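# Architecture and fold: a report
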Amino acid sequence: MMGKRKWVDSVQKGITAVAGLVAMISTVYGGLAMVWLAMKAPDAFSIVVAGAMIAAAIYKRRPSETYNLQMGHPDTERVMAAVYDLLRRADND
């Protein structure tokens, strides 16, 4: 008769083998589905890829930095001058 520890080890090995097989099969079928989607509906495929890229960019981006542009801030004068030039150029066009 098999001991309890040996039986648990056998079950764990079996689960690991089945999980690996399922992962490989799902990867193959996922790749085939992406190829089919790209061939049948390239617009939908590009939307899916663009959505994945945007999601990855949002996930990877740093937290936004907010600067207080009070008159005592060192960059206030430079930023205000750039905004003034931008508005002036927009009015001339």
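Just above sits the structure.
In this report, we go over the structure that sits alongside the text. (Residues numbered from 1 in each chain as written. Predicted model: local features only at pLDDT ≥ 70, side-chain atom pairs only at ≥ 80, totals over all residues. Heavy atoms only, no water.)

### Notes on helix 3 (residues 76-92)
- Over its 17 residues, helix 3 extends 24 Å from the first C-alpha to the last, a length consistent with the 24 Å expected when each residue adds 1.5 Å.
- Helix 3 sits mainly on the outside: one of its 17 residues count as buried. (Helix = DSSP H or I, 4+ residues; strand = E, 2+ residues; numbered from the N terminus. Expected span 1.5 Å × (residues − 1). Buried < 20%, exposed > 50% of the residue type's maximum accessible area, 1.4 Å probe, protein only.)

### Focus: the pattern of salt bridges
- What the rule picks out here adds up to one salt bridge.
- Asp-85 is paired through a salt bridge with Arg-88; the nearest N and O atoms lie 3.1 Å apart. Here the residue Asp-85 and the residue Arg-88 both occupy positions in helix 3, the gap between them amounting to three residues, near one helical turn.
- The partly exposed category is assigned to Arg-88, whose relative accessible area is 40%. (Salt bridge = Lys/Arg side-chain N within 4 Å of Asp/Glu carboxyl O.)

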